Amino acid sequence: MATTITLTGAGGQIGYALLFRIAAGDLFGPEEHVRLRLLEIPQGLKGAEGAALELQDAAFPLLDDVEVTDDAAVGFSGANHALLVGARPRGPGMERADLLAANAGIFGPQGAAIAASAANDVRVSVVGNPANTNALIASASADGVPSDRFSALTRLDENRARAQLAATLGAPVADIRRVPIWGNHSASQFPDIAHATVDGRPVAAELAERVGDVRTWLADTFIPRVATRGAEIIEVRGSSSVASAASATIDHVRDWARGTDDWTSAAIVSRGEYGVPEGLVCSFPVRSVDGHWQVVEGLDVDDWSRARIDASVAELSDERDAVRALGML
Ligand code: NAD
Ligand code: LMR
């Protein structure tokens with residue numbers, strides 16, 4: 001049995017970077033066959049069709065089938081995983097929330113199409129920005145699909161945070177663990193090092209030897225560096241992140257499907273954990289167990305961290321109010 005993966009925006013930049021990694025087996029390993037459904041809008045079909053030709057030419061042993069369509073009912077049919085990437089990216093000088101009006105209208109109909117035609121075990125990973133609120137819209141529109149089947153990507157932020165810590169400490173990135181992202185995939189996000197370790201030792205103590213006052217370094221250097229990295233990429237490349245976003249998407253979907261041996265980050269529908277209002281799609285420290293994200297509960301959150309989490313959660317509430325005002329919730 002092959003796993004069916006639907007990718008929206010398959011003719012775009014991230015789509016092109018993702019498809020070949022999925023077909024090569026990077027999501028589910030060398031034993032599991034995959035079927036790809038590439039969903040585009042009419043203007044994007046040629047890009048997706050071209051990618052499909054190249055997928056054929058690559059002769060991936062695990063790739064059973066590729067179908068290109070602009071019909072959501074066909075595209076999500078039988079999907080076990082839906083990767084919602086198709087959406088406009090921001091340009092220089094924009095915040096991701098500026099995309100709300102342009103992109104929010106995509107996710108309601110896609111949520112409804114998922115409810116109508118995806119497999120019973122469908123899991124939906126939202127990448128298109130603003131990712132948290134788009135996931136909220138998709139989930140709210142997917143009657144009958146449990147809300148815990150929807151999550152949005154904050155893994156790119158976590159990967160960025162771990163990479164910045166590794167560079168600062170002169171340590172291998174694989175040795176840096178437990179650096180969750182809280183809140184929104186936006187400049188208000190809170191990358192949290194309170195429980196982070198490097199090769200099993202607390203990061204905070206090691207940082208003190210390198211950067212002096214750790215709180216000052218976190219507030220003035222580390223947090224803004226991670227939280228505005230997307231804008232930095234746009235400024236340097238001229239367009240938003242692609243390969244790193246695709247790689248983080250692979251990390252996210254693989255961990256959701258196969259489980260984690262430690263914490264990671266994902267934006268999921270809040271059930272009130274850590275005082276985050278129920279229903280908001282908020283990033284938390286999570287584990288993946290038996291195909292379900294579970295919030296890591298019981299962590300001490302001091303006032304300094306609480307203020308940052310609250311600020312990002314307030315932005316998520318504002319985004320929800322904005323899409324309600326647009327009639328999309
Ligand atoms: P892109 O413009 O290269 O590709 C987007 C593709 O989506 C296009 O081919 C377009 O035709 C297609 N599309 C638009 N509406 C669609 C719809 N209703 N159904 C199916 N396809 C549709 O953009 P990109 O660089 O691939 O980025 C895609 C999105 O991912 C953007 O919103 C970007 O901001 C976001 N992004 C998120 C993260 C993250 O960490 N969450 C990281 C990077 C980029
Ligand atoms: C990123 O974090 O790189 C993406 O969300 C793209 C962007 O607009 O920053």
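Before going into details, it helps to say that this report is about the structure given with it.

**A few points about the overall build of the chain**
Right, so step 1: Secondary structure assignment for the chain yields eleven helices and 14 strands.
Right, so step 2: Relative to the 2.2 N^0.38 estimate, which gives 20 Å for 329 residues, the radius of gyration of the chain is 19 Å and therefore close to what a compact globule would have.
Right, so step 3: Each principal axis of the C-alpha distribution contributes one length, and for the chain these read about 55 × 45 × 40 Å.
Right, so step 4: In the chain, the share of contacts with a sequence separation of at least 24, taken over all contacts with a separation of at least 6, comes to 72%.
Right, so step 5: Here the chain has roughly 13,600 Å² of accessible surface; of this, 49% comes from carbon and sulfur atoms.
Right, so step 6: Seen as two clouds, the 28 positive and the 44 negative side-chain charges of the chain have centres 2 Å apart.

**Some words on the site of ligand 2**
Right, so step 1: Lining the immediate environment of ligand 2, one finds Arg 90, Arg 96, Asn 129, Leu 156, Arg 160, His 185, Gly 230, Ile 234, Ser 240 and Ser 241.
Right, so step 2: In this structure, an oxygen atom belonging to ligand 2 sits 2.5 Å away from a side-chain N or O atom of Arg 90.
Right, so step 3: Expressed as a share of its isolated accessible area of 260 Å², the protein-covered part of ligand 2 is 93%.
Right, so step 4: Listing elements by their share of the shell around ligand 2, those giving two or more residues are helix H6 (155-169) and helix H9 (229-237).
Right, so step 5: Residue classes in the shell around ligand 2 are distributed as two nonpolar, five polar and three charged.
Right, so step 6: Residue assignment places the shell around ligand 2 across two domains, with domain 1 (3-152) and domain 2 (155-320) each supplying three or more.

**Overview of the packing of aromatic side chains**
Right, so step 1: Applying the stated criterion to the full structure yields seven aromatic pairs.
Right, so step 2: Between the aromatic rings of Trp 182 and Phe 284, the centroid separation amounts to 6.3 Å while the plane-to-plane angle is 70 degrees, which identifies the pairing as edge-to-face. Taken together, the positions of Trp 182 in strand E8 (residues 181-182) and Phe 284 in strand E13 (residues 281-289) put the pair 102 residues apart, joining distant regions of the chain.
Right, so step 3: Using a relative accessible area of 0% as the deciding quantity, one classes Trp 182 as buried.
Right, so step 4: Cluster of aromatic residues (ring-pair linked, three or more members): Tyr 16, Phe 20 and Phe 60.

**Quick look at the sheet that holds strand E12 (residues 264-269)**
Right, so step 1: The sheet built from nine strands is open, its strands ordered E3-E2-E1-E4-E5-E6-E12-E13-E14 with mixed pairing. Of all strands in the sheet, those with a lone pairing partner are strand E3 (63-69) and strand E14 (292-295), marking the two edges. Neighbour-to-neighbour, the strand axes of the sheet open up by a mean angle of 35 degrees, direction not taken into account.
Right, so step 2: Where strand E2 (residues 34-39) lies against E3, six bridges are found, and the strand directions are parallel. In the strand pairing of E3, Leu 38 is matched with Val 68.

**Focus on the environment of Ile 309**
Right, so step 1: Mapped onto the fold, Ile 309 is located in helix H11 (residues 303-325).
Right, so step 2: Dropping the residues within four chain positions of it, Ile 309 is found in contact with Trp 182, Phe 190 and Val 301.

**What about the site of ligand 1?**
Right, so step 1: Surveying the vicinity of ligand 1 reveals 25 residues, the closest of which are Gln 13, Glu 40, Arg 88, Val 127 and Asn 129.
Right, so step 2: One of the backbone nitrogen or oxygen atoms of Arg 88 is found 2.8 Å away from an oxygen atom of ligand 1.
Right, so step 3: Between Asn 129 and ligand 1, the recorded distance is 2.9 Å, taken from a side-chain N or O atom to an oxygen atom.
Right, so step 4: Of all elements in the fold, only helix H1 (13-23) and helix H4 (100-117) reach the threshold of two or more residues within the shell around ligand 1.
Right, so step 5: Of the residues contributing to the shell around ligand 1, the split by class is eleven nonpolar, twelve polar and two charged.

**A look at the environment of Asp 261**
Right, so step 1: As for its placement among the helices and strands, Asp 261 is situated in the loop between helix H10 (243-258) and E12.
Right, so step 2: For Asp 261 and Glu 209, which are 52 residues apart along the polypeptide, the C-alpha to C-alpha distance reads 29 Å.
Right, so step 3: In terms of polar contacts, Asp 261 uses its side chain to reach the side chain of Arg 177, at 3.2 Å.

**Thoughts on the pattern of salt bridges**
Right, so step 1: On inspection of all chains with the given rule, the structure shows 19 salt bridges.
Right, so step 2: Here Glu 232 and Arg 229 are joined by a salt bridge, their closest N and O atoms 3.3 Å apart. Residue Glu 232 and its partner Arg 229 are located together in helix H9, separated by three residues, close to a single helical turn.
Right, so step 3: By relative accessible area, Glu 232 is classed as partly exposed at 29%.
Right, so step 4: Since its relative accessible area comes to 23%, Arg 229 is described here as partly exposed.
Right, so step 5: Note that Arg 306 is salt-bridged to Asp 310, the shortest N-O span being 3.1 Å. One end of the pair is Arg 306 and the other is Asp 310, both in helix H11 and four residues apart, which spans about a single turn.
Right, so step 6: The class for Asp 310 is partly exposed, based on a relative accessible area of 37%.
Right, so step 7: Connected via shared salt-bridge partners are Arg 155, Asp 251, Arg 254 and Asp 255.

**Points about the nonpolar core**
Right, so step 1: Among the nonpolar cores identified, the biggest contains 37 residues, and Leu 165, Ile 176, Ile 193, Val 203, Leu 207, Phe 222 and Phe 284 are the most heavily contacted of them.
Right, so step 2: Put simply, the parts of the chain that give this core at least two residues each are H6, helix H7 (203-211), helix H8 (214-227), E12, E13, E14 and H11.
Right, so step 3: For this core, the element with the highest residue contribution is H8, accounting for six residues.
Right, so step 4: The residues touching Leu 165, leaving out its near neighbours within four places in the chain, are Ile 176, Val 179, Ile 193, Val 203, Leu 207, Trp 217 and Phe 222.
Right, so step 5: Within the second largest apolar cluster, 31 residues are counted, among which are Ile 14, Phe 28, Leu 55 and Ile 250.

Calculation rules
- Residues numbered from 1 in each chain as written.
- Chains lettered and ligands numbered in written order.
- Predicted model: local features only at pLDDT ≥ 70, side-chain atom pairs only at ≥ 80, totals over all residues.
- Heavy atoms only, no water.
- Helix = DSSP H or I, 4+ residues; strand = E, 2+ residues; numbered from the N terminus.
- Rg over C-alpha atoms; globule rule 2.2 N^0.38 Å.
- Contact = heavy atoms within 4.5 Å.
- Areas by Shrake-Rupley, 256 points an atom, 1.4 Å probe, with all protein chains shown as cover.
- Lys, Arg positive; Asp, Glu negative; His and termini not counted.
- Charge placed at Lys NZ, Arg CZ, Asp CG, Glu CD.
- Near = heavy atom within 4 Å.
- Polar contact = N/O pair within 3.5 Å; in protein donor to acceptor, adjacent residues only side chain to side chain.
- Nonpolar A, V, L, I, M, F, W, Y, C, P; charged D, E, K, R; others polar.
- Domains from an automatic or database assignment.
- Phe/Tyr/Trp six-rings, centres within 6.5 Å; stacked < 30°, edge-to-face > 60°.
- Buried < 20%, exposed > 50% of the residue type's maximum accessible area, 1.4 Å probe, protein only.
- Pairing = 2+ DSSP bridges.
- Axes fitted to C-alpha atoms, helices over the stretch in contact; angles between N-to-C directions.
- Salt bridge = Lys/Arg side-chain N within 4 Å of Asp/Glu carboxyl O.
- Core = buried A, V, L, I, M, F, W, Y, C linked by side-chain atoms within 4.5 Å.

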